[in-house]
Amino acid sequence: MCGIVGVVSTAPVNQLLYDALLLLQHRGQDAAGICTLMDRKFFMHKAKGMVKDVFRTRNMRALPGSVGLGQVRYPTAGNAYSEEEAQPFYVNAPFGIVLVHNGNLTNAHALRAELFSTDHRHTNTESDSEVLLNVLAHELERSTRGVPLHSAEVFAAVKNVHKRLRGSYAVVTLIAGHGLLAFRDPFGIRPLVMGRSADGTVMVASESVALEGSGHVFERNIAPGEAVFIDLQGQVHSMQCAESPSLNPCIFEFVYLARPDSVMDGISVYQARLNLGETLAKRVVSTVPPSDIDVIIPIPESSRPSATQLAHLLGVPYREGFVKNRYVGRTFIMPGQGVRKKSVRQKLNVIASEFKGRNVLLVDDSIVRGTTSREIVQMARDAGARKVYLASAAPPVRYPNVYGIDMPTKDELVAHDRTVEQIRELIGCDALIYQDVDAMKRAIGSLNPKLDGFDASCFDGVYVTGDIDTESINRMNGNRPRIEETEEDSSRLALPNMSESN
C-alpha cells in the first residue's frame, strides 16, 4: 500500500505536498517522492526513506511550481531496494506525464508483454506502476491523435485504461502544460478523496486526514471508475469512465491500514473500529466468561478503539499495558528467526504492574503471521500474567492479498489450513478469540448502506475483480519485494500496530 496526493493551486505547492505526505506516512515508509510542474517543466526528487529524511531544504527549494503530486511507498511488487522504483514515474510522450499509484495490478505481467509487442513501449523496472503509466500514456496518445488535449480526450483515454487494467489502482498524474488527472479503479478498492482550501487550492489524496491536516475541507470521495481532471486554472472536470462500477473498498483499510481520524467512502475509521469491538464482545463472552478476565489491554495502536469498546461492554477495566518506543526506527538486526523477536522487544515494553497475577485479555486488530502475537503473549507471561487470552478484532487471515497490501504467501499465514485451536497452540495463549467474517462486514458496512460490498479477500478468499486463481497468485508472489536475509522485515504487518505512530 502507498499514500498519494496531488495539488493544483495558484501558489507554490512544495511545502503543501510535504505536509500532506507526512500525514500519509503511515501508508508507506520505504520511499517518498514529490514532483512539481512549472510552465511545462517537471521538477522531481525521490529517494528511499521516510519523508523527513528524503527531503532537505535544498531539495524543497528545487521543487518550484503551483501544481504537483507526491507519494509515500511501501512496496508490494518489484524490488524493495531499487531507487528506480521509488515514485513518481515519468514518461516524456505524449506531452510529458508523471504518475503516482496506490494499489496493485493483477495483470501487470500480461500488460508488460502487450506494451512491448503491440504498443511498442518500453518499461525499465519491475514495478506495475510503470506499466500503468505506459498504458495511460499510450491511450492518451491515441485519444489525442490530430486533436488538442481537453477533458473529453482525457476521459476517453481513462475509459480505455479501465478496459485494459485489472486489479486495484488509485492514481494521480500530472500532464505537462495541461493539469492534474486522478482516477480510481472500477471497484473502488483503494481510497481516493478530494477537497478544497479557502484560497481555491484543490487537493486529492488517499485519506481525508491529508486534506484536513493541511487546511483543506473534504468535499467528496472520487467514485469507483471516476476520473477527475483539474486544469491549470483550477477548474474541476469529472466523468464516470467505467462501464459497470461498484463500490467495494478494501475492508483492511478500516481494520488496520487507515488512520483512525480519516473518513473513507462515508465511513469513519474510528467508528468502524469501535463497531468491531462491539461485535467482538459477543465472541469473547461465548469463549471466556467476563468474570475470568481481570483486565483488557490493547496491543498498540490500531486496536485501541476496539479494545475500549470491548472493555466497556464487558464491564472489565481497560488498561494500557504496553509502551511503544517511538524513536527506535529501523535497526540493524541479525538474520534468522530472531529478527522479528528482537524487533518486537525493542519497540514494545510492558508495564509489569498491569500484568502481574492477573488474567489478561490482549486485543489486537489482526493476526497475520502469528510470530509477533506469540512474542507479545510471552512478554505478558514474563511480566507475571496468570493467564493470557488473545482476541483479534479481525477474522483469521487465511488468504493472500493481491490488491496492494503486503500479505504473505498462504504458507506464511498462521491461519491458513489451521483450526483456531491449532493457531492458539502456536501462539501460546490460553484462549484465542477471532472476529466473525460476516459480523465484521455488517459492523463496518452498516456505517454506509450505499456500499456494494467489500474486498475482504484475505479473510474470505473472494477476489472482487473476478480474475484471480492459484496460478495468478503464485505469479504475483514471485514478484513480491525481495527482502534480503540480513535486512529487517519491514512489512507493517510484521510489526505490532505501527499505523498511527509512524
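Quick summary incoming for the structure in this document. Values in this document were obtained by computation on a predicted structure and should not be read as measured data.

The next thing to look at is the packing of aromatic side chains. What the rule picks out here adds up to eight aromatic pairs. Taking the centre distance of 5.4 Å and the plane angle of 65° together, the rings of Phe 322 and Phe 355 count as edge-to-face. Residue Phe 322 is found in strand 17 (residues 322–324), and its partner Phe 355 is found in the loop between strand 18 (348–350) and strand 19 (359–364); the two are separated by 33 residues along the sequence. On the basis of relative accessible area, Phe 355 is assigned to the buried category, the value being 0%. Of the aromatic side chains, those joined through ring pairs into one cluster are Phe 252, Tyr 256 and Phe 459. The aromatic ring of Phe 89 is capped on one face by Lys 46, whose charged end is 5.1 Å from the ring centroid.

Pairing between side chains of opposite charge can happen when the charged atoms of each approach one another. On inspection of all chains with the given rule, the structure shows 25 salt bridges. In this structure, the salt-bridge partner of Asp 30 is Lys 48, at a minimum N-O distance of 2.9 Å. Here Asp 30, found in the loop between helix 1 (14–23) and strand 2 (31–38), pairs with Lys 48, found in strand 3 (residues 41–48); they are 18 residues apart in sequence, far enough to count as distant. A relative accessible area of 6% means that Asp 30 is categorised as buried. Lys 52 is the partner of Asp 53 in a salt bridge, and the nearest nitrogen-oxygen pair spans 3.4 Å. Given a relative accessible area of 37%, Asp 53 falls into the partly exposed group.

If you look at the biggest cluster of nonpolar residues, it comprises 57 residues, and the most contacted ones within it are Phe 252, Ile 296, Leu 361 and Phe 459. Within the second largest apolar cluster, 30 residues are counted, among which are Leu 105, Leu 140, Val 171 and Ile 175.

What follows concerns the packing of helix 9 (residues 269–285) against helix 10 (residues 304–314). Two numbers describe how helix 9 lies on helix 10: the axes approach to 7 Å, and their chain directions differ by 45°. As summarised for this structure, helix 9 and helix 10 are arranged oblique, according to the angle between their axes. Here the hand of the crossing between helix 9 and helix 10 comes out right-handed. For the pair helix 9 and helix 10, contact is made by Tyr 270, Arg 273, Leu 274, Leu 276, Gly 277, Glu 278, Leu 280, Ala 281, Val 284 and Val 285 and by Pro 305, Ser 306, Gln 309, Leu 310, Leu 313 and Leu 314, respectively. Within the contact of helix 9 with helix 10, the residues separate by chemical class into eleven nonpolar, three polar and two charged.

What follows deals with helix 14 (residues 437–445). Those residues of helix 14 lying buried are Val 437, Ala 439, Met 440, Ala 443, Ile 444 and Gly 445. The inward-facing, buried residues of helix 14 abut helix 8 (251–257), strand 15 (267–268), helix 9 and helix 15 (457–460).

The next point concerns the sheet that holds strand 10 (residues 202–205). Read from one edge to the other, the open sheet built from seven strands follows the order 3-2-4-1-10-9-11, with strand pairing classed as antiparallel. Each edge of the open sheet carries a strand with a single partner, namely strand 3 and strand 11 (217–221). The average angle at which neighbouring strand axes cross in this sheet is 15°, direction not considered. Bridging between strand 1 (residues 2–8) and strand 4 (residues 67–73) involves seven bridges; their strand directions are antiparallel. Along strand 4, the bridge assignment pairs Gly 3 with Val 72. In the packing of helix 1 onto the sheet, the strands contacted are strand 1, strand 2, strand 4 and strand 10, and the crossing angle to strand 2 comes to about 155°.

The residue Leu 313 is located in helix 10 in this model. Counting along the chain gives 190 residues from Leu 313 to Thr 123, while the straight-line C-alpha distance between them is 55 Å. Beyond its immediate stretch of four places on either side in the chain, Leu 313 contacts Glu 278 and Ala 281.

Let us now look at the side chain of Asp 265. In this structure, Asp 265 sits in the loop between strand 14 (263–264) and strand 15. Here Asp 265 is in contact with Arg 184, Gly 188, Asn 221, Leu 247, Pro 249, Asn 448 and Leu 451, once residues within four sequence places are set aside.

Let us look at the sheet that holds strand 6 (residues 97–105). Spatially, the six strands line up as an open sheet ordered 5-6-7-8-12-13, and their pairing is antiparallel. In the strand order of this sheet, the two ends are held by strand 5 (89–91) and strand 13 (236–240), each with one partner. Between one strand axis and the next, the sheet turns by 20° as a mean value, whatever way the strands run. In this sheet, strand 12 (residues 226–231) lies alongside strand 8 (residues 179–184) in antiparallel orientation, the contact comprising five bridges. Across the sheet, residue Leu 181 finds its bridge partner in strand 12, namely Phe 229. Here helix 5 (residues 128–143) sits on the sheet in contact with strand 5, strand 6, strand 7 (167–175) and strand 8, set at roughly 125° to strand 6.

Conventions and cut-offs
Residues numbered from 1 in each chain as written. Predicted model: local features only at pLDDT ≥ 70, side-chain atom pairs only at ≥ 80, totals over all residues. Heavy atoms only, no water. Phe/Tyr/Trp six-rings, centres within 6.5 Å; stacked < 30°, edge-to-face > 60°. Helix = DSSP H or I, 4+ residues; strand = E, 2+ residues; numbered from the N terminus. Buried < 20%, exposed > 50% of the residue type's maximum accessible area, 1.4 Å probe, protein only. Lys NZ or Arg CZ within 6 Å of the ring centre and 35° of its normal. Salt bridge = Lys/Arg side-chain N within 4 Å of Asp/Glu carboxyl O. Core = buried A, V, L, I, M, F, W, Y, C linked by side-chain atoms within 4.5 Å. Axes fitted to C-alpha atoms, helices over the stretch in contact; angles between N-to-C directions. Parallel < 35°, antiparallel > 145°, perpendicular 65-115°, else oblique. Left-handed = near helix turned anticlockwise from the far one by under 90°. Contact = heavy atoms within 4.5 Å. Nonpolar A, V, L, I, M, F, W, Y, C, P; charged D, E, K, R; others polar. Pairing = 2+ DSSP bridges.

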